[in-house]
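# Inside the fold
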Amino acid sequence: MAIKLNYDGKYFTSLERIDVEVNSIVDNNDHILVSGLGDYHGHVMHLGNVLLGLNLGDCKSITQCIELCRNYKNRRGEWLIGRGWNNENWGGEFPVRSDLDEIYPDTPVILERIDGHMAWVNSKALELAGINSTTKNPEGGEILRNDMGEANGLLVDNAMDIVKNIIPKPSKPELKEIIKHSISELKRSGIDIVCDMDVHFEWLDAFKEMAENDELGIDVISYLRGFDGQWEKLQAQAEKIGRLNLKGLKFYSDGALGSRGAALLEDYSDDPGNKGLILNSMELIYDVAQKAIPAGFEIAVHAIGDRANRIVLDLFEKLRSEFPKAELRIEHAQIVHPDDWKRFKELNVKSYIQPMFEISDASMADKRLGERVNYAYPWKQLLENGAELFGSSDFPIESHDPLTGLNALIDHGLDKKEAIEIYRY
């Protein structure tokens with residue numbers, strides 16, 4: 001089977017599976033044939049949760065978010081859980097806990113922002129988690145506060161875990177149902193392989209059982225959470241089971257641009273004094289990598305801001321001298337200082353990019369970065385400097401439809417074959 005990508009002279013318009021075999025990209029002018037397509041950075045479990053749960057992605061106001069919450073019936077235990085709100089869809093104003101308290105005074109609520117790096121919670125959730133005016137920010141996180149010093153209901157990056165850690169966990173049958181819906185949707189969209197990032201260890205048994213019973217349907221390459229010590233405590237192994245490949249460990253160097261958690265070399269243009277957050281120390285990542293690389297694991301590090309990308313490249317330069325053949329990858333590479341573009345090739349660091357971010361972030365990135373936006377989303381510049389790029393969506397943050405990413409690369413100045421090469425399987 002191959003993927004046929006129909007082309008109107010400028011953009012890819014549709015795709016379909018056809019019963020032919022191809023070993024390379026075959027260009028037939030109005031369509032291109034390719035052996036398969038991949039999404040090399042996504043979140044299988046989160047996509048399934050969005051498909052089956054409360055999705056706030058289309059909301060254009062805080063009021064619309066509240067109304068969807070009011071009418072949503074399915075809960076996990078006593079908790080109302082949702083995802084996908086984006087304050088940039090209504091002018092940038094952030095919601096606060098009082099917006100939720102009126103309709104849910106006694107039910108704990110947690111709603112993750114679209115980027116997964118900020119959570120909007122109500123007072124009941126804060127109470128159950130023990131967050132009050134004296135609670136200190138955790139390392140790599142922030143509890144946002146009002147003028148009186150009280151938590152306002154917004155938790156950034158590692159501060160989210162204070163609440164998330166007390167939410168009831170789904171059962172194994174529930175996990176399998178979530179995975180099934182997610183993978184079915186990915187396959188329907190033309191995706192044959194996915195790199196599943198930030199996989200929690202309590203999900204592994206469900207994935208393994210599905211792989212053993214040949215129920216996955218696509219190739220799933222898992223990158224386990226590497227920063228919480230669980231991989232070593234539970235003696236996780238790099239291994240392949242059917243179409244499941246437990247291959248890497250995932251870390252975070254910084255947060256996201258939208259929530260001002262991306263680590264920048266200079267202050268945010270719209271928030272003087274703030275340079276973002278470092279979530280996992282390079283010392284921690286180095287120490288884990290020393291054990292994980294000899295055990296067969298790849299090392300993948302999330303880096304959005306120019307400061308984050310630089311310090312991760314510095315770390316990888318150190319690791320490369322010790323492990324010349326190690327697989328090292330930077331996730332996102334969203335804002336990379338021009339001085340660092342050539343280092344990806346020099347250090348043999350692969351970059352896993354999300355082309356749609358350049359479009360969906362446009363107005364927000366201008367506000368956050370000012371003139372620095374000129375060296376953000378440097379896909380073509382990285383290619384010209386010899387970097388190896390792999391395309392992805394970071395679903396469910398962006399659409400998992402590969403056509404959106406391919407066409408975003410075309411808008412960025414790549415030709416159709418260059419774009420497909422970044423996504424092909």
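Everything numeric here is computed off the predicted structure, so don't read it as measured data.

Here we take up the packing of helix α15 (residues 402–411) against helix α16 (residues 416–423). Each packed pair of helices is defined by two parameters, the angle between the axes and the distance between the axes. Packing of α15 against α16 leaves a shortest axis separation of 9 Å and a crossing angle of 140 degrees. On the basis of their axis angle, the class for α15 and α16 is oblique. Crossing hand, α15 versus α16: right-handed. Across the interface between the two elements, G405, L406, L409 and I410 of α15 pack against K416, A419, I420, I422 and Y423 of α16. Considering only residue class, the contact of α15 with α16 consists of seven nonpolar, one polar and one charged.

Here the focus is the sheet that holds strand β4 (residues 31–34). The antiparallel open sheet is built from four strands, whose spatial order is β2-β1-β4-β3. At either margin of the open sheet sits one strand with a lone partner, and together these are β2 (12–18) and β3 (26–27). Across six bridges, the pairing between strand β1 (residues 2–7) and β2 is antiparallel. By the bridge assignment for β2, Y7 is matched with F12. Across the sheet, α16 is in contact with β1, β2, β3 and β4; its angle to β4 comes to roughly 30 degrees.

Counting residues in each nonpolar core, the largest one holds 118 residues, and the members touching the most others are L257, I299 and F316. Setting aside anything within four residues of it in sequence, one finds L257 in contact with A262, Y268, I304, Q334, I335, M364, A365, R368, L369 and Y377. Within the second largest apolar cluster, 15 residues are counted, among which are I110, I143, A159 and V163.

A few words on the packing of helix α6 (residues 172–188) against helix α7 (residues 204–212). One can describe the packing of α6 onto α7 by two numbers: an axis separation of 9 Å at closest approach and a directional angle of 65 degrees. Both α6 and α7 take part in a crossing whose hand is right-handed. Along its contact with α6, which presents K172, L175, K176, I179 and K180, the element α7 presents D205, A206, F207, E209 and M210. Across the contact of α6 with α7, the residue classes tally to five nonpolar, no polar and five charged.

Next up on the list: the pattern of salt bridges. The full count for this structure, using the stated rule, is 31 salt bridges. Across the pair E150 and R97 runs a salt bridge whose closest N-O atoms are separated by 3.5 Å. On the criterion of sequence distance, the pair formed by E150 in the loop between β10 (141–145) and β11 (151–157) and R97 in helix α3 (residues 97–101) is long-range, its members being 53 residues apart. Between E239 and K208 there is a salt bridge, and its shortest N-O distance comes to 3.2 Å.

This brings us to the side chain of N122. Among the secondary structure elements, N122 is positioned in the loop between β9 (118–121) and α4 (123–129). What makes N122 buried here is its relative accessible area of 0%. Among the polar contacts listed, one links the side chain of N122 to the backbone oxygen of Y104, at a separation of 2.9 Å. At 2.7 Å, the side chain of N122 forms a polar contact with the backbone oxygen of T107.

Reading the values: rules and limits
By convention here, each chain's residues receive numbers from 1 onward along its written sequence. The predicted origin of the model limits local features to residues at a pLDDT of at least 70 and limits the giving and counting of side-chain atom pairs to 80 or more, whereas totals for whole chains, interfaces and linings rest on all residues. Computation of side-chain values: all heavy atoms of the structure, hydrogens and water removed. Where helices are involved, their axes are fitted lines through C-alpha atoms of the stretch in contact, as for all axes, and angles between N-to-C directions lie from 0 to 180°. Each helix is a run of DSSP H or I of at least 4 residues and each strand a run of E of at least 2, with the numbering of both proceeding from the N terminus. Roughly parallel here means an angle under 35 degrees, roughly antiparallel means over 145, roughly perpendicular means 65 to 115, and every remaining angle is called oblique. Helix crossings fall into two classes, left-handed where the near helix is turned counterclockwise from the far one by less than a right angle and right-handed where it is turned clockwise. Any pair of residues with heavy atoms lying within 4.5 Å of one another is described as a contacting pair. Classification used: nonpolar for Ala, Val, Leu, Ile, Met, Phe, Trp, Tyr, Cys and Pro, charged for Asp, Glu, Lys and Arg, polar for all others including Gly. The criterion for strand pairing is that DSSP finds at least two bridges linking the strands in question. Put simply, buried Ala, Val, Leu, Ile, Met, Phe, Trp, Tyr and Cys residues joined by side-chain atoms within 4.5 Å make one nonpolar core. For every residue, the accessible area (1.4 Å probe, protein chains only) is compared with the maximum for its type, and the residue is labelled buried under 20%, exposed over 50%, or partly exposed between those bounds. Salt bridges are defined as contacts in which a side-chain nitrogen from Lys or Arg sits within 4 Å of a carboxyl oxygen from Asp or Glu. Pairing of N or O atoms within 3.5 Å defines a polar contact, subject to two protein rules: one partner must be a possible hydrogen donor and the other a possible acceptor, and residues neighboring in sequence count only if both atoms are side-chain atoms.

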